[in-house]
Amino acid sequence: MLTRVVAVLVRQSMARSAPRGVDARSWLEAVAEDTYEMVSGLELVTPVLVTSVPGLDEIVWPGTEVISIAEDESLRSILGRLGGDQAAVIAGDAPDLPPLLVGKLFRELGRAQITVSPAERGGAVALACGLPAPAWADPDLDDPDLVATLRAQAPGSRMVATTPGWHRLRTPDDVERLDPGLEGWDNTRALLTAR
């Protein structure tokens, strides 16, 4: 059976999306914790937290691996630090991401070397690949058109697949994109209600 790792990637810069009236550190912790909680509830995967934010290990369950990175550490480098047969990296600023979308990332690896869930307004919410990651790929979840970039890097035309996309919280206005009808994202919801 394949071992699958799902890493939640949290960078300090993600605090920029804090809405007016909400403390940036509290916001970052809430959004990251909600994203991590979704991942930790998935079956047959091992959750990992990858972060440049000191002290963020308090949001994870005991025993969860926490990998400290530099703020600007590349996704290629991060993938090289993950174990398992396959890995997905989820942007930590997607607190209401439906778990089903993570499953679709892994399913598409049956026909492609890398799968990408595009983000609304550019970039990507998540990326998955077999490990070690393909040597030709140099991905970045904040690349405005990651799919086109990866397809240009790939030595063949069918090596990069896409799955349904989602949204990320990258500006204070993006809070309007959160889906109140979805379960989960309780920490983020509580902060928004309290402001």
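One can find the structure itself at the top, above this paragraph.
Thresholds applied
Residues numbered from 1 in each chain as written. Predicted model: local features only at pLDDT ≥ 70, side-chain atom pairs only at ≥ 80, totals over all residues. Heavy atoms only, no water. Helix = DSSP H or I, 4+ residues; strand = E, 2+ residues; numbered from the N terminus. Buried < 20%, exposed > 50% of the residue type's maximum accessible area, 1.4 Å probe, protein only. Pairing = 2+ DSSP bridges. Right-handed = clockwise from strand over helix to strand, strands pointing away. Axes fitted to C-alpha atoms, helices over the stretch in contact; angles between N-to-C directions. Contact = heavy atoms within 4.5 Å. Phe/Tyr/Trp six-rings, centres within 6.5 Å; stacked < 30°, edge-to-face > 60°. Lys NZ or Arg CZ within 6 Å of the ring centre and 35° of its normal. Salt bridge = Lys/Arg side-chain N within 4 Å of Asp/Glu carboxyl O. Expected span 1.5 Å × (residues − 1). Polar contact = N/O pair within 3.5 Å; in protein donor to acceptor, adjacent residues only side chain to side chain.

1. Remarks on unusual backbone geometry
Point 1. In this structure, proline 132 follows leucine 131 across a cis peptide bond, with omega equal to -5°.
Point 2. For proline 132, the position within the fold is in the loop between β6 (124–130) and α4 (146–153).
Point 3. Backbone geometry at leucine 44 places phi at a positive 65°, although glycine is not the residue there.
Point 4. Tracing the backbone through its elements, the reader meets leucine 44 in the loop between α1 (24–40) and β2 (46–51).
Point 5. Of the residues examined, leucine 44 reaches a relative accessible area of 64% and is grouped as exposed.

2. Quick notes on the pairing of strand β1 (residues 4–10)
Point 1. With respect to burial, β1 is a largely interior element, six of its seven residues being buried.
Point 2. Bridge count for β1 against strand β4 (residues 86–91) is six bridges, and the pairing is parallel. Note that in β4 the partner of leucine 9 across the bridge is alanine 91.
Point 3. In this structure, β1 lies alongside β2, joined through six bridges in parallel fashion. By the bridge assignment for β2, alanine 7 is matched with valine 48.
Point 4. Between the parallel pair β1 and β2, the chain is carried across by α1, and the sense of this crossover is right-handed.

3. A short note on the sheet that holds β2
Strand pairs in the sheet, formed through backbone hydrogen bonds, run parallel or antiparallel to each other.
Point 1. Across the sheet, which stays open at both edges, the seven strands sit in the order β3-β2-β1-β4-β6-β5-β7 with mixed pairing between neighbours. Two strands bound the open sheet, and with one partner strand each, they are β3 (65–68) and β7 (160–162). Across the sheet, the mean angle separating the axes of adjacent strands is 20° when strand polarity is ignored.
Point 2. Direction of pairing for β2 relative to β3: parallel, over a ladder of four bridges. Within β3, the residue paired with threonine 51 across the bridge is serine 68.
Point 3. Those strands touched by helix α3 (residues 99–108) are β1, β4, β5 (114–118), β6 and β7, and its axis lies near 145° from that of β4.
Point 4. The strands that α4 touches are β5, β6 and β7; relative to β7, the one it contacts most, it runs at about 160°.

4. Here we look at the packing of aromatic side chains
A ring pair, where both rings are aromatic, is described by two values, the distance of the centres and the angle of the planes.
Point 1. Scanning the entire structure with this criterion turns up zero aromatic pairs.
Point 2. Sitting above the plane of the tryptophan 185 ring, arginine 189 keeps its charged end 4.0 Å from the centroid.

5. Things to note about the pairing of β5
Point 1. Within β5, four of the five residues are buried, leaving the element largely enclosed by the surrounding structure.
Point 2. Of the pairings in the sheet, the one linking β5 to β6 comprises five bridges and is antiparallel in character. Across the sheet, the residue bridging to threonine 115 is alanine 128, located in β6.
Point 3. Between the antiparallel neighbours β5 and β6 lie five residues, among them arginine 121 with a positive phi of about 70°.
Point 4. Of the pairings in the sheet, the one linking β5 to β7 comprises three bridges and is parallel in character. Bridge pairing in β7 links valine 116 to threonine 162.

6. Quick look at the pattern of salt bridges
Point 1. Applying the stated criterion to the full structure yields eight salt bridges.
Point 2. Between arginine 168 and aspartate 142 there is a salt bridge; the shortest N-O distance is 3.0 Å. Of the two residues, arginine 168 is situated in the loop between β7 and α5 (186–194) and aspartate 142 in the loop between β6 and α4; the sequence distance between them amounts to 26 residues.
Point 3. Residue class for arginine 168 comes out buried when judged on its relative accessible area of 4%.
Point 4. Aspartate 142 sits in the partly exposed class, given a relative accessible area of 44%.

7. Describing α1
Point 1. Taking 1.5 Å as the rise per residue, α1 with 17 residues should run 24 Å; its terminal C-alpha atoms sit 24 Å apart, in good agreement.
Point 2. Where α1 is concerned, the buried positions are Trp27, Leu28, Ala30, Val31, Ala32, Asp34, Thr35, Tyr36, Met38 and Val39.
Point 3. Buried residues along α1 sit against β1, β2, β4, α3 and α5.
Point 4. A side-chain oxygen of the first residue of α1 lies 3.3 Å from the backbone nitrogen of arginine 25; this N-cap is aspartate 23.

It is worth stressing that arrangement in space is one thing and function is another; only the former is reported here.
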